[in-house]
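# Structural overview for review
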Amino acid sequence: MPLDNDIKGKDGEACTLKAGEVIELVEGPRKEKCVCAVRARGKALKDNAVGWVTVTSRQGKAMLEEGKYYTCTSATAMTNELDLKTGELVKKLSVGEVVVALDDVQEDAGVKRVKAKILKEDKEGWVTLTSETGTSFFSSSAKHYTVLEDVDLQKGPIAATAETVRKLEVGEAFVVMEGPKDEVTDSQMRGRGVVLGSGAAGWFSIGAATKPWQPTYTCLKAVAIRDSLKAEEGKDIRQLAVNEVVDFLDGPKVGPSGAVKIKGCAAKDGSVGWVAIRDAQGAKLLESKGEKAAPAPAVNGPATPGVVRPGVAPAVVRPGLAPSRPPTIVARPTLGR
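So, here is what we can say about the structure in this document. All figures in this text were calculated on a predicted structure; none of them were measured in a lab.

## Looking at the overall build of the protein chain
In terms of helices and strands, the protein chain carries zero helices and 29 strands. Across the 337 residues in the protein chain, those meeting the buried criterion constitute 44%. Accessible surface, the protein chain: about 16,500 Å² in total, of which carbon and sulfur atoms supply 51%.

## Things to note about the packing of aromatic side chains
Each aromatic ring pair is specified by the distance between its two centres and by the angle formed by the two planes. Going through the model one piece at a time under the given rule, you end up with one aromatic pair. Taking 5.0 Å as the distance between ring centres and 90 degrees as the angle between the ring planes, the aromatic pair formed by Trp-213 and Phe-248 counts as edge-to-face. Here the residue Trp-213 occupies a position in the loop between β21 (210–212) and β22 (216–219), and Phe-248 occupies one in strand β25 (residues 245–254), the gap between them amounting to 35 residues. With respect to burial, Trp-213 and Phe-248 carry one shared label: buried.

## Here's the deal with the side chain of Arg-113
Mapping Arg-113 onto the fold places it in strand β12 (residues 111–118). Of the buried charged residues, Arg-113 lacks a salt bridge, with Asp-83 as the closest side chain of opposite charge at 7.2 Å. If we skip the residues at most four places from it in the chain, Arg-113 touches Thr-79, Glu-81, Leu-82, Leu-84, Asp-104, Val-105, Gln-106, Trp-126, Val-127 and Thr-128.

## What about the nonpolar core?
Judged by nonpolar contacts, the single largest core of 17 residues is most densely connected at Tyr-217, Val-223, Leu-240, Val-246, Ile-262 and Leu-286. Listed by contribution, the elements that provide at least two residues to this core are β22, β23 (223–226), β25, β26 (260–266) and β27 (272–278). When near neighbours in sequence (up to four residues on either side) are disregarded, Leu-286 contacts Tyr-217, Thr-218, Cys-219, Leu-220, Val-223, Val-246, Val-275, Ala-276 and Ile-277. The next biggest cluster of nonpolar side chains, apart from the first, holds 14 residues, and it includes Val-53, Val-55, Met-63 and Leu-153.

## Let's talk about the pattern of salt bridges
All chains considered together, the criterion is met by 22 salt bridges. Glu-244 is the partner of Arg-238 in a salt bridge, and the nearest nitrogen-oxygen pair spans 2.8 Å. Owing to a relative accessible area of 9%, Glu-244 belongs among the buried residues under this scheme. Note that Lys-284 is salt-bridged to Glu-287, the shortest N-O span being 3.3 Å. A relative accessible area of 25% places Lys-284 in the partly exposed class. Residue Glu-287 is classed as buried on the basis of its relative accessible area, which comes to 15%.

Rules behind the numbers
- Residues numbered from 1 in each chain as written.
- Predicted model: local features only at pLDDT ≥ 70, side-chain atom pairs only at ≥ 80, totals over all residues.
- Heavy atoms only, no water.
- Helix = DSSP H or I, 4+ residues; strand = E, 2+ residues; numbered from the N terminus.
- Buried < 20%, exposed > 50% of the residue type's maximum accessible area, 1.4 Å probe, protein only.
- Areas by Shrake-Rupley, 256 points an atom, 1.4 Å probe, with all protein chains shown as cover.
- Phe/Tyr/Trp six-rings, centres within 6.5 Å; stacked < 30°, edge-to-face > 60°.
- Lys, Arg positive; Asp, Glu negative; His and termini not counted.
- Salt bridge = Lys/Arg side-chain N within 4 Å of Asp/Glu carboxyl O.
- Contact = heavy atoms within 4.5 Å.
- Core = buried A, V, L, I, M, F, W, Y, C linked by side-chain atoms within 4.5 Å.

Here it is as structure tokens:
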């Protein structure tokens, strides 16, 4: 989930939060119309994975660009040299095959040639786009894009709530089936907060990607409690069993491996140490008490500790603190941007 430098999300990100990190709300929430990203639905040619992707980010950064792709409209030869007379055959291209230009188009006596690579094969050479008589062998494709930055391929059109299929890598080819078009989003509840583990501050959206947080965790899977934050240092204190309760002391912090960890105290025997609440792949190992589903309170009812509601600034009750602090929110899995 992005933590933005401004309320509208147009001036860049302070950082990207991992699932399990905790934000303390210091301003808001309030309703705000955010800047939209440009999104498109299509297919990755590498493995035919289908989904939605961000073409241009909310900050105006291009994630994909229209590539110099050409579709074969009439069978023609690919040769290993620019000169047709001296070049040798690389492959006979069939109608429908797609190539991507590797260089600028060369023109001589009306013949237009370009060095290109066959999209679905590891072969490259020179092809004729237009003959000296004006016969066209290829048509330019406006639907093929090249990935400029690693970006998530997602199942739905709204980046903040869509599940990720996989990450598209730089250089991959992507065929657009729908769009590109502005992401359709309603006004969002936005809040400014401080990340407990790192101290980073910024604006974020309160909704599908966030849940209330309470400083008590329950083990969902057996996991080690260790005497060091870093996995390569220290040793295991013991294994925590499923359903054990851990009281929060410090964090959450993202370790070198990418796992999100808290320093906690096991209620069973008082063991104190660092324990992963999310592994490096984002799988949930421990769950905050506040993350568990609960019936929504009545809109006009009293504020419930730990629950964020439009127009209400409820307190978060934490051990040793009076219930006068702003709400604290835990980031759920980042389902995309």
